[in-house]
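# Secondary and tertiary structure notes
Each chain is listed here by its residues.
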Amino acid sequence: GAGVSQSPSNKVTEKGKDVELRCDPISGHTALYWYRQRLGQGLEFLIYFQGNSAPDKSGLPSDRFSAERTGESVSTLTIQRTQQEDSAVYLCASSFRDGGNSPLHFGNGTRLTVT
Amino acid sequence: QKEVEQNSGPLSVPEGAIASLNCTYSDRVSQSFFWYRQYSGKSPELIMSIYSNGDKEDGRFTAQLNKASQYVSLLIRDSQPSDSATYLCAVNMRNAGNMLTFGGGTRLMVKP
């Protein structure tokens, strides 16, 4: 695969439902980040994986948010009991090695709308 | 103080002018610096990386790094309306587990 792949590209859900967002990083990229971007706002860091461990979960806004990663590949971001303020674009990015010295490559994002 | 700071703008420049975008960071030992461009409704895309003090040129773009002053900038020469976007500065934060940290971005508007 050429780039970071995210699915679904769009998700509309009712308030209170759970949603699962998926990210397939570029093959060989060990670092993986999740961000949230509300309309007209900057990137909001959520979580960072190095391999399948998460050294930094500090950005997860509440215990309704969780993320996991299988090995050095797919990651899923789960939002339980969605609220309207969860509506945003969720971006995934990956990089080679430690992520600090290598640039991030972003996916096209998942646009989540909570009605 | 935010770890990576940018003026949110908008920065408005006429077509053909030089646009100068600035970024300051707090981690004195940061080694890697990146500039991303984000068009409205799109994902950020990497346009420049810089690791050493001084200037790095790529086409109409020049990145400038001054580690002593903890300052990195992006110059866009001969600005075009198609350069209108938000520009994000990203810095690896050695004092934060080597994570890449983004500034809030500067919105650039190039007027024909």
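Residues numbered from 1 in each chain as written. Chains lettered and ligands numbered in written order. Predicted model: local features only at pLDDT ≥ 70, side-chain atom pairs only at ≥ 80, totals over all residues. Heavy atoms only, no water.

With that settled, the discussion passes to the interface of chain A and chain B. Tallying the contact residues gives 20 residues for chain A and 18 residues for chain B. Taken over both partners, the interface formed by chain A and chain B buries close to 1,400 Å², and the fraction arising from carbon and sulfur atoms is 54%. One can count zero salt bridges joining chain A with chain B. Between chain A and chain B we count four residue pairs in polar contact (both at pLDDT 80 or more) in total. (Contact = heavy atoms within 4.5 Å. Buried area = accessible area lost by both parts, 1.4 Å probe. Salt bridge = Lys/Arg side-chain N within 4 Å of Asp/Glu carboxyl O. Polar contact = N/O pair within 3.5 Å; in protein donor to acceptor, adjacent residues only side chain to side chain.)

We now examine the pairing of strand 6 (residues 54-58) of chain B. Sheet topology note: the strand 6 of chain B/strand 7 (residues 61-66) of chain B ladder contains five bridges and is antiparallel. Its bridge partner lying in strand 7 of chain B, aspartate 58 of chain B is registered against phenylalanine 61 of chain B. (Pairing = 2+ DSSP bridges. Helix = DSSP H or I, 4+ residues; strand = E, 2+ residues; numbered from the N terminus.)

In this section: the packing of aromatic side chains. Tallied over the entire structure, the rule returns 11 aromatic pairs over all chains. Centroid distance tyrosine 35 of chain A to phenylalanine 45 of chain A: 6.2 Å. Interplanar angle 70°. Geometry classified as edge-to-face. Placement of tyrosine 35 of chain A in strand 4 (residues 29-37) and of phenylalanine 45 of chain A in strand 5 (residues 44-50) is noted, with a sequence separation of 10 residues between them. Taking the centre distance of 5.8 Å and the plane angle of 85° together, the rings of phenylalanine 106 of chain A and tyrosine 36 of chain B count as edge-to-face. Of this pair, phenylalanine 106 of chain A sits in strand 10 (residues 105-106) while tyrosine 36 of chain B sits in strand 4 (residues 33-38), on two different chains. (Phe/Tyr/Trp six-rings, centres within 6.5 Å; stacked < 30°, edge-to-face > 60°.)

Residue and element names in this part refer to chain B. Read from one edge to the other, the open sheet built from five strands follows the order 1-3-8-7-6, with strand pairing classed as antiparallel. Two strands bound the open sheet, and with one partner strand each, they are strand 1 (4-5) and strand 6. Note: strand 3 (residues 19-25) against strand 8 (residues 71-76), six bridges, orientation antiparallel. By the bridge assignment, alanine 19 is partnered in strand 8 with isoleucine 76.

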